[in-house]
Amino acid sequence: MTTTEFTLTDAERAALPTDEDVRSYAERGWYLSQKLLTDDEVDTLVEASERFYAGHRDRRLPRRPAKLAYWEPEHGDVQRHNDYVHYESDEVAAILRKPIIGAVAARLAEAAEIRVFQSTLILKPPSPGEPTNIVPWHFDRHYWQTCTSERMLTAFIPMHECTEEMGTITMVDGSNTWKEIGGDDKTTKHFAERDRSELEDLLVSNAEFNGAQVNKIPMHIPKGHMSFHHCRTYHGSGANRSSAPRRAISLHLQDGDNQYRRFHRSDGDLVVYNHDSLVRRDEAGLPDYSDPQFCPVLWRSSSAPGETA
């Protein structure tokens, strides 16, 4: 791969998805990576996250969007979600911007450029009965209706070995290829705003419509590895039944062609993503999803999309 701004070591090149991996991702909607972070880098993420929870910020958001997920100590021992951690923590950002992460995403999305779309710091406490620990079945494209791209994807980055006992992310195999039914206006609402049983029913009905089985595959992710999933892949996670917190970052990624688009619900209301009150404006006065402050480039290649050499 020839790049002008980003380079990989020989070892990192060897860790890129193969052609077969890319085909499998297109068919199944998920990919489990090789080791992309060193143990020291993973340990640094843990330490940085603890400093973050203790109140350290290198900068703060200039304003709070209406739908911001942002755990504070007074919220208690629930599942913690903190959006924009890549903006507020330089230590975290330095690791998330490691070129190999963007390069893997570029291979899977068959894109020449990958930018951050959002990042969320997550901690799932070791509390099997805590209701917030259950993440119901959903796919991310529902929440990204203000985006033009169908190639967006997410890297799930645990800060330790992540197992089914800890409530690891679980994929519904091949669901990214399904034709969707029941995708009404309510799907633009975050899963936390919807009934869990309704989302389960939606998954089942979509599988039946496509003549598919609901094949749920828990991701067993070794330390330093990560999983990637397509924006239309159904996924969720269960309770943390272990004795330790499940720590992770959900790194949402966009290809270089993605742009803002206006999207209205059937009642005429304009759908608004958190970025829309934060990012700079383009020449037409619309939110610019390439704003380097909030959506930095992780990988850019001068080679054809999908090429690795």
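Rules behind the numbers
- Residues numbered from 1 in each chain as written.
- Predicted model: local features only at pLDDT ≥ 70, side-chain atom pairs only at ≥ 80, totals over all residues.
- Heavy atoms only, no water.
- Salt bridge = Lys/Arg side-chain N within 4 Å of Asp/Glu carboxyl O.
- Buried < 20%, exposed > 50% of the residue type's maximum accessible area, 1.4 Å probe, protein only.
- Phe/Tyr/Trp six-rings, centres within 6.5 Å; stacked < 30°, edge-to-face > 60°.
- Helix = DSSP H or I, 4+ residues; strand = E, 2+ residues; numbered from the N terminus.
- Lys NZ or Arg CZ within 6 Å of the ring centre and 35° of its normal.
- Contact = heavy atoms within 4.5 Å.

Visitor: What should I look at first to understand the pattern of salt bridges in this one?
Guide: For side chains of opposite charge, pairing can occur when their charged atoms come near one another. The final tally for this structure, using the stated rule, is 20 salt bridges. A salt bridge links Arg64 to Glu72; its shortest N-O distance comes to 2.9 Å. Overall, the relative accessible area of 53% leaves Arg64 in the exposed class. On the basis of relative accessible area, Glu72 is assigned to the partly exposed category, the value being 22%. For Asp288, the salt bridge is made with Arg280, and the minimal N-O distance between the two is 2.8 Å. Residue classification places Arg280 among the partly exposed residues on the basis of a relative accessible area of 41%. The network of salt bridges with shared partners includes Arg141, Glu150, Glu180 and Arg232.

Visitor: Even after reading the chapter, I still don't get the packing of aromatic side chains, so can you show me in this structure?
Guide: We describe a pair of aromatic rings using the distance from one ring centre to the other and the angle between the two ring planes. Per the stated rule, a full pass over the model turns up 13 aromatic pairs. Between Tyr53 and Trp71, the ring centres sit 5.5 Å apart and the planes meet at 85 degrees, which makes this aromatic pair edge-to-face. Residue Tyr53 is located in helix 3 (residues 39-53), and its partner Trp71 is located in the loop between helix 3 and strand 2 (80-83); the two are separated by 18 residues in the primary sequence. An aromatic cluster is built from Phe117, Trp144, Tyr260, Tyr273 and Tyr289, whose rings are joined through pairwise contacts. Residue placement shows Arg80 over the ring face of Tyr53; its charged tip is 4.5 Å from the ring centre. One residue, Arg80, lies across the ring of Trp71, its end atom 3.9 Å from the ring centre.

Visitor: What exactly am I supposed to notice about unusual backbone geometry here?
Guide: If a residue is not glycine, its phi is most likely negative; likewise, a peptide bond is most likely trans. A positive phi angle, close to 65 degrees, is found at Tyr84, a residue other than glycine. Assignment of secondary structure puts Tyr84 in the loop between strand 2 and helix 4 (85-88). Judged by relative accessible area, Tyr84 falls into the buried class, the value being 0%.

Visitor: Is there a simple way to explain the side chain of His229 in this structure?
Guide: Note on placement: His229 falls in strand 8 (residues 227-230). Overall, His229 belongs to the buried group, its relative accessible area being 1%. Excluding its chain neighbours within four sequence positions, the residues that come into contact with His229 are Tyr25, Gly29, Trp30, Asp140, Leu153, Thr154, Ile169, Met171 and His235.

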